[in-house]
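Each chain, written out:
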Amino acid sequence: MSETAKIILEGKEYELPVIQGSEGEKAIDISNLRGLSGYITLDPGYKNTGATTSTITFLDGELGVLRHRGYSIEDLAEHCSFIEVTYLLLHGELPTAQQLAEFESKITEHTLVNEGLEGMFKAFPTGSHPMGQLSSMISALSLFYPKSLNPHRGEEAINRTVLRLLAKMPTICAMIYKKRLGHPIVYPNNRLDYVTNYLNMTFGQVSDPDYTPDPVIVRAMNKLLILHADHEQNCSASTVRVVGSSQSNLYSSISAGINALWGPLHGGANQEVLEMLELIKEDGGDVTKFINKAKDKNDPFRLMGFGHRVYKNFDPRAKIIKKAADEVLEKLGVNDPVLEIAKKLEEVALNDPYFIDRKLFPNVDFYSGIIYRALGFPTDFFTVLFALGRLPGWISQWQEMRRDKEPIARPRQIYTGEPPRAFVPMDQRK
Ligand code: CMC
C-alpha cells in the first residue's frame, strides 16, 4: 500500500494520501481535508505549500541543484543558446538542429511590433520605470490581437501567441531603452540570432547598419538569460499561473508576472543590489557598517542579493554568474570598483554568524547587475533583462497550468476580524 499521512482532529483520525515526486520529494495531499474535516491548512507566504505538480524545473535548495527538464543548469549555461533553452522549457526536449532552425525562423516572423504601440510612449511620463512600461506594453499587446483574448481557441492560436510574445519581447525591451535615450528605434534584423538581434536593437544605431555586438557580450547575454529562464513556483511564475487560472489570456498573465517580478524582494533585487553597492562606495566603502545595519532588527536595511526562499546552501546560478562577471569584466577591460565592494561584502557576510545561522548566501541577483552595468545597461533596466530571460519559464508554467486543466486559484483564509454586529446609522457613529 502506498504511504499515507494520518491527522487527528477533535479525536477523529483522517488518512491523507502522500504524493512522491520523481526526485523523491514528498507531499501530503490535503486537497480533500476541508471536505472531510472542515479544517483548512494555514501557510502564509506558501513557505510549506506545493501549489502544483510540475515537470518543468527541479530544484533542491539544500544541495544547490537546479535542473530544467532534467538537464543541469551548469550544462545548459555552458553549452546552449538562450533560444535552445527556451525550446527545451516549452517542448520538454532539447531541439535537433532542424527543430531549432525552424523555431528561430518562426519567431522571426513576428519580431515587428505594431506602430500603434509606439504611441504609448507619449503617455508615459519622463523617467517612468522601465518595468512599468514593459508590463503596460505586454498587456497592450492583447489589444492588438483580440483573438488571443480567448485562451480556448486551440493549440495553433496559443502557439501563435507564444511565438508573438517571444518575438516581440526583445523588440519592446529595446524600444523602451531607445525611447529613454530619445534615440530613434532600431528595427529587428531577422538575419540575426535572438540575442544578437536584441543587442543590435539596443546598442546599435539607425545611422550605423554595420554595428555588430562583441561575441563576448553575446555569449554573456545568452548565459545570463539562460540563468533566469525558469525557477519553478517563484513569486512571478505563481502569479502567471494564478492569473492564467481565471482563464485570462496569456498576454495579461505575463504582464502580471512582470509586475510581480518588479518587486525588490524578487527580480527588482538586481537594481537594488547595484544601488546598495554604489551607496556603500559613496559612503567610504566600509562594508562592516552595512553588514551591521542588515543585522539590526530595528533597521529596515537588508543585504540585497542575499538570501533565498528555497536555496539554503548556495544558489547555483550565483556561482555561474560570479565566474561570468570576472570573465566579462576582464575581456571588456572594465575595472569596476563596485565589484571589489561586492567581493568584500560577500566575504564578510559569509563569515558572519548572523548570515551563517540563517543560511543567507549570495543569490542570482548579487552579481548579475555588475555584468549588466559593464555591458552598458542603466541600473533601472536590470529587472527588464530578468523579465526577458524569465519569459520562456512563465510561458511554460502557463501552458502547463492550462494543459493540466488546473482549477481557478482561490486560496482560503482564517477570518480574524470583528464578529457580527448591529449596523450603526451615520448620525450615531462616533
Ligand atoms: N539581509 C539581512 N537579513 C536577511 C536577509 C537579507 N538579505 N534575508 C533574510 N534575512 C533574515 C530575516 O531577517 C530573517 O531573520 P530572523 O529569522 O532573525 O527574523 C531570516 O533571515 C529569514 O528571512 P525571511 O525573510 O523569513 O526569508 P524568506 O524566505 O521569507 O525571504 C528573501 C527570502 C529572498 C525575500 C530574503 O532573503 C530577502 O529579502 N533577500 C533580499 C532580497 C533579494 O535579494 N531578493 C532576490 C531573491 S533571488 C531572485 C529571485 O529569484 O527572485
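Residues numbered from 1 in each chain as written. Predicted model: local features only at pLDDT ≥ 70, side-chain atom pairs only at ≥ 80, totals over all residues. Heavy atoms only, no water.

**A few points about the overall build of the chain**
Move 1: Counting its secondary structure elements, the chain contains 19 helices and six strands.
Move 2: Here the C-alpha coordinates of the chain stretch approximately 75 × 65 × 55 Å along the principal axes.
Move 3: Among the 430 residues that make up the chain, the fraction classed as buried is 48%.
Move 4: When contacts within the chain are restricted to residue pairs at least 6 apart in sequence, those whose partners lie at least 24 apart make up 71%.
Move 5: Averaged over its 48 positive side-chain charges, the chain has a centre that lies 5 Å from the centre of its 53 negative ones. (Helix = DSSP H or I, 4+ residues; strand = E, 2+ residues; numbered from the N terminus. Buried < 20%, exposed > 50% of the residue type's maximum accessible area, 1.4 Å probe, protein only. Contact = heavy atoms within 4.5 Å. Lys, Arg positive; Asp, Glu negative; His and termini not counted. Charge placed at Lys NZ, Arg CZ, Asp CG, Glu CD.)

**Structural notes on the site of the ligand**
Move 1: Neighbouring the ligand are 23 residues, the closest being His 266, Arg 302, Leu 303, Gly 305 and Arg 309.
Move 2: Interatomic distance of 3.2 Å between a side-chain N/O atom of Lys 47 and an oxygen atom of the ligand.
Move 3: Between the ligand and Tyr 354, the relevant distance is 2.9 Å, taken from a nitrogen atom to a side-chain nitrogen or oxygen of the residue.
Move 4: Surface burial for the ligand is 79%, taken as the share of its 940 Å² of free accessible area covered by protein chains.
Move 5: Here the residues of the shell around the ligand sort into ten nonpolar, six polar and seven charged. (Near = heavy atom within 4 Å. Polar contact = N/O pair within 3.5 Å; in protein donor to acceptor, adjacent residues only side chain to side chain. Areas by Shrake-Rupley, 256 points an atom, 1.4 Å probe, with all protein chains shown as cover. Nonpolar A, V, L, I, M, F, W, Y, C, P; charged D, E, K, R; others polar.)

**Overview of the domain arrangement of the chain**
The figure often quoted for interface size is the accessible area lost as the parts come together.
Move 1: Taken domain by domain, the chain consists of domain 1 (4-50), domain 2 (71-263 + 381-403) and domain 3 (269-379).
Move 2: When each unit is reduced to the centre of its C-alpha atoms, the spacing between domain 1 and domain 2 is 37 Å. (Domains from an automatic or database assignment.)

**A look at the packing of aromatic side chains**
Centre distance and the angle of the planes are the two values used to describe a pair of aromatic rings.
Move 1: The tally for this structure, following the rule as stated, stands at 16 aromatic pairs.
Move 2: For the pair Phe 121 and Phe 124, a centre-to-centre distance of 6.0 Å together with 85° between the ring planes defines the contact as edge-to-face. The pair Phe 121 / Phe 124 is uniform in exposure class, with both members buried.
Move 3: Their ring planes at 80° and their centres at 5.6 Å tell us that Tyr 177 and Phe 203 sit as a pair that is edge-to-face. Of this pair, Tyr 177 sits in helix α8 (residues 155-181) while Phe 203 sits in helix α9 (residues 194-203), and the two are 26 residues apart along the sequence. (Phe/Tyr/Trp six-rings, centres within 6.5 Å; stacked < 30°, edge-to-face > 60°.)

**With respect to the pattern of salt bridges**
Move 1: Per the stated rule, a full pass over the model turns up 19 salt bridges.
Move 2: Across the pair Glu 118 and Lys 179 runs a salt bridge, and its minimum N-O distance is 2.9 Å. Taken together, the residues span a long stretch of sequence, with Glu 118 in helix α5 (residues 115-118) and Lys 179 in helix α8 at a distance of 61 residues.
Move 3: Across the pair Lys 343 and Asp 326 runs a salt bridge, and its minimum N-O distance is 3.2 Å. (Salt bridge = Lys/Arg side-chain N within 4 Å of Asp/Glu carboxyl O.)

**Digging into the packing of α8 against α9**
Move 1: Following both chains from N to C, one finds α8 and α9 inclined at 20°, their axes separated by 8 Å at the closest point. Between α8 and α9, the angle falls in the class roughly parallel. Once α8 is placed against α9, the crossing between them reads as right-handed. Residue-level contacts link Leu 166, Pro 170, Thr 171, Cys 173, Ala 174, Tyr 177 and Lys 178 of α8 to Tyr 194, Tyr 198, Met 201, Thr 202 and Phe 203 of α9.
Move 2: In terms of residue class, the contact of α8 with α9 is made up of nine nonpolar, two polar and one charged. (Axes fitted to C-alpha atoms, helices over the stretch in contact; angles between N-to-C directions. Parallel < 35°, antiparallel > 145°, perpendicular 65-115°, else oblique. Left-handed = near helix turned anticlockwise from the far one by under 90°.)

**Considering a positive patch on the surface**
Move 1: A surface patch of like charges, here positive, comprises Lys 47, Lys 297, Arg 302, Arg 309 and Arg 358.
Move 2: Here Lys 47 lies in the loop between α1 (33-37) and β4 (57-60). (Patch = residues over 30% accessible without salt bridge, like charges linked within 9 Å, V, L, I, M, F, W, Y side chains within 5 Å.)

**Notes on the side chain of His 228**
Move 1: The residue His 228 is located in the loop between α10 (215-227) and α11 (235-245) in this model.
Move 2: Given a relative accessible area of 0%, His 228 falls into the buried group.
Move 3: A distance of 2.7 Å separates a polar side-chain atom of His 228 from the backbone oxygen of Leu 224.
Move 4: Residues contacting His 228, with those up to four places away along its chain left out, are Ile 321, Val 364, Asp 365, Ser 368, Tyr 372, Phe 386, Gly 389 and Arg 390.

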